[in-house]
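Each chain is listed here by its residues.
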Amino acid sequence: MLGPQNISMEEFRLFQKYVFDNMGITLADHKITLVQGRLSKRLRVLNIPSYREYYKYVINDKSGEEEDEIFDLISTHVTEFFREKGQWDYLNENLEHILEKKRDKRIRIWSAACSTGEEPYSLAIFLHGKMPDWAQWDIKILATDLSKVVIRKAARGVYREDDVGGGQKGIKNVPRHILGSYFELLKTESGERAYRIIEEMKRPMTFRTFNLVYGDFKPFVEKFDIIFCRNMMIYLDPEAQRKLVSNYHRALVPGGFLFVGHSESLTQNKDEFKLIKPSIYQKI
Ligand SMILES: C[S@@+](CC[C@H](N)C(=O)[O-])C[C@H]1O[C@@H](n2cnc3c(N)ncnc32)[C@H](O)[C@@H]1O
């Protein structure tokens with residue numbers, strides 16, 4: 001079978017608008033080749049010859065399944081366990097102080113745009129390692145992403161040793177002692193090694209799909225102590241970023257923390273957050 005034709009600028013504009021209207025992500029014009037490369041796989045699978053026809057297929061699909069396919073193809077899901085060391089160092093030094101203030105022994109954390117789950121599981125493992133009285137605490141970690149595909153994978157909590165899909169580093173950079181304590185070794189049907197996160201680390205987790213740009217934040221009545229939203233805001237335009245950060249401000253307890261990606265900053269929300277260290281902010 002012949003592959004799809006090249007995408008024209010006119011066709012690209014259709015997807016540019018679709019992605020903005022549904023994901024809130026701004027695709028710059030120079031992303032045209034990247035978008036063609038990612039969507040072409042889908043055109044081949046569906047045997048659709050042009051991007052215009054594929055666009056019609058997408059907007060006429062009322063099941064929502066094709067929308068999920070696009071969300072998954074357009075997004076970058078790259079992530080890894082214990083990403084951005086400086087932030088873990090900060091938590092390591094300050095956790096005791098943060099916990100001292102929690103008289104009710106309740107901690108609420110949100111890993112927003114969590115991709116395949118490495119980030120929320122890192123949080124659970126980190127807290128467990130630092131809190132000898134972990135079992136006496138009421139700890140909940142909400143882990144959300146726009147993509148159903150990655151949320152399913154996150155909820156399974158199984159990571160292959162050489163999991164490099166989407167550029168992920170998989171389990172390789174996880175220290176041996178953590179692998180030994182928090183993962184069970186599995187043999188997959190193909191004989192590969194895979195690691196499943198232990199049940200105890202899944203217990204505080206709730207996995208959900210949630211659209212950070214167009215979703216309704218009102219149901220988040222219980223406030224969070226810490227929100228991680230790393231390496232997602234860079235894909236948003238300044239107004240969408242500002243709105244999202246204001247929503248986080250409302251969703252946090254007074255003095256709550258917002259951790260962002262190392263190339264992200266909250267320049268537009270100076271009245272709402274103070275900078276503690278690069279990529280670490282505290283609610284004012
Ligand atoms: C690069 S990953 C970041 C993973 C993790 N936070 C980290 O830093 O390692 C970006 C994630 O943002 C998600 N995403 C993109 N647009 C979104 C939106 N509008 N709402 C929620 N999640 C979104 C993608 O599906 C993707 O999994």
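Look a little higher up for the structure.
Residues numbered from 1 in each chain as written. Predicted model: local features only at pLDDT ≥ 70, side-chain atom pairs only at ≥ 80, totals over all residues. Heavy atoms only, no water.

**Q** It is not clear to me how the site of the ligand should be interpreted in this structure. Could you clarify?
**A** Lining the immediate surroundings of the ligand are 20 residues, of which Met23, Thr79, Arg83, Asp145 and Asn231 lie closest. Between a nitrogen atom of the ligand and a main-chain N or O atom of Met23, the distance comes to 2.8 Å. Separating an oxygen atom of the ligand from a side-chain N or O atom of Asn231 is a distance of 2.8 Å. Contact with the protein chains hides 98% of the accessible area of the ligand, taken as 600 Å² for the molecule alone. Partitioning the shell around the ligand into residue classes produces nine nonpolar, seven polar and four charged. (Near = heavy atom within 4 Å. Polar contact = N/O pair within 3.5 Å; in protein donor to acceptor, adjacent residues only side chain to side chain. Areas by Shrake-Rupley, 256 points an atom, 1.4 Å probe, with all protein chains shown as cover. Nonpolar A, V, L, I, M, F, W, Y, C, P; charged D, E, K, R; others polar.)

**Q** Any chance you could explain the nonpolar core here in plain terms?
**A** Soluble globular proteins tend to pack their nonpolar side chains together in the buried interior. Within the largest apolar cluster, 48 residues are counted, with the highest numbers of intra-cluster contacts made by Trp110, Leu212, Tyr248 and Leu258. Taken together, the elements giving at least two residues each to this core come down to helix H1 (9–23), helix H2 (32–46), helix H3 (51–60), helix H4 (65–74), strand S1 (106–112), strand S7 (224–229), helix H10 (238–251) and strand S8 (252–260). Two domains each donate at least three residues to this core, and these are domain 1 (9–74) and domain 2 (85–157 + 200–283). The contacts of Trp110, once residues within four sequence positions are left out, are Leu142, Thr144, Phe210, Leu212, Phe217, Phe220, Phe224, Ile226, Ile227, Phe228 and Tyr248. Listed in part, the 41 residues of the second largest apolar core include Tyr90, Ala154, Phe183 and Ile280. (Core = buried A, V, L, I, M, F, W, Y, C linked by side-chain atoms within 4.5 Å. Buried < 20%, exposed > 50% of the residue type's maximum accessible area, 1.4 Å probe, protein only. Helix = DSSP H or I, 4+ residues; strand = E, 2+ residues; numbered from the N terminus. Domains from an automatic or database assignment. Contact = heavy atoms within 4.5 Å.)

**Q** I'm lost on the pattern of salt bridges in this one. Help?
**A** It is possible for side chains of opposite charge to pair when their charged atoms get near one another. Tallied over the entire structure, the rule returns 19 salt bridges. Among the salt bridges present, the one from Lys148 reaches Asp68, with a minimum N-O distance of 2.9 Å. Here Asp68 lies in helix H4 and Lys148 lies in helix H7 (residues 148–156), a separation of 80 residues in the sequence. Between Glu119 and Arg230 there is a salt bridge whose closest N-O contact spans 2.9 Å. Of this pair, Glu119 sits in helix H6 (residues 118–130) while Arg230 sits in the loop between S7 and H10, placing them 111 residues apart in sequence. The two residues Glu119 and Arg230 agree in class, both being buried. The network of salt bridges with common partners includes Asp104, Arg106, Arg108, Asp138, Lys140 and Glu222. (Salt bridge = Lys/Arg side-chain N within 4 Å of Asp/Glu carboxyl O.)

**Q** Is there a simple way to think about the packing of H2 against H4 in this case?
**A** Two measures define how a pair of helices packs: the angle their axes make with one another and the distance between the axes. Orientation of H2 relative to H4, taken along the N-to-C sense of each, is 145 degrees, at an axis distance of 9 Å. Handedness of the H2/H4 crossing: right-handed. The residues of H4 that touch H2, namely those facing Val35, Arg38, Leu39, Arg42 and Leu46, are Glu66, Glu69, Leu73 and Ile74. In terms of residue class, the contact of H2 with H4 is built from five nonpolar, no polar and four charged. (Axes fitted to C-alpha atoms, helices over the stretch in contact; angles between N-to-C directions. Left-handed = near helix turned anticlockwise from the far one by under 90°.)

Note that every value here comes from positions in space, so none of it alone points to a role or purpose.
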